[in-house]
Amino acid sequence: QVRLVESGGGLVQPGGSLRLSCAAEGNIVRLDLVAWYRQGPGDKRDEVASIRRDGRTYYSDSVKGRFSIFTDHVEKTVYLQMNSLKVEDSAVYYCQVSIGSPGNSREYWGQGTQVTVSS
């Protein structure tokens, strides 16, 4: 079956950078839509970035200009490059992969990776 394995989280100082990875393992041949979500303590899970197979991207206002999402379709791995990190970026980050068209797609989630921004 399909499994998304996340890595790259950790502790970083304000202004620092981290690169999150999400590797798709199992019976999967393409990544039609990939996205990163995050959830802080007591908060809902919010989308921060996504990218379509055609390269079209979306970023939330809170991360525009600082985060970038990209996909290696050969290795079937999704990345989130996070620069100029702020304390408020601290959260558990989740990778999502969707296969198919809207309304008729399969979605998979990673287990989450903790990002802590602190001095």
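Residues numbered from 1 in each chain as written. Predicted model: local features only at pLDDT ≥ 70, side-chain atom pairs only at ≥ 80, totals over all residues. Heavy atoms only, no water.

A. Molecular detail of the side chain of Asp89. As for its placement among the helices and strands, Asp89 is situated in the loop between strand E8 (77-82) and strand E9 (91-101). Excluding anything up to four places from it in sequence, Asp89 contacts Arg38, Arg66, Phe67, Ser84, Val115 and Val117. (Helix = DSSP H or I, 4+ residues; strand = E, 2+ residues; numbered from the N terminus. Contact = heavy atoms within 4.5 Å.)

B. Structural detail: the environment of Gln114. If you trace the backbone, Gln114 turns up in strand E11 (residues 113-117). Sequence separation of Gln114 and Tyr79 is 35 residues, and the distance between their C-alpha atoms is 15 Å. Contact partners of Gln114, with chain neighbours within four places excluded, come to Gly9, Gly10, Ala91 and Val92. A polar contact of 3.4 Å, which involves the side chain of Gln114, links it to the backbone oxygen of Ala91. One polar contact links Gln114 to Thr116, side chain to side chain, over a distance of 3.5 Å. (Polar contact = N/O pair within 3.5 Å; in protein donor to acceptor, adjacent residues only side chain to side chain.)

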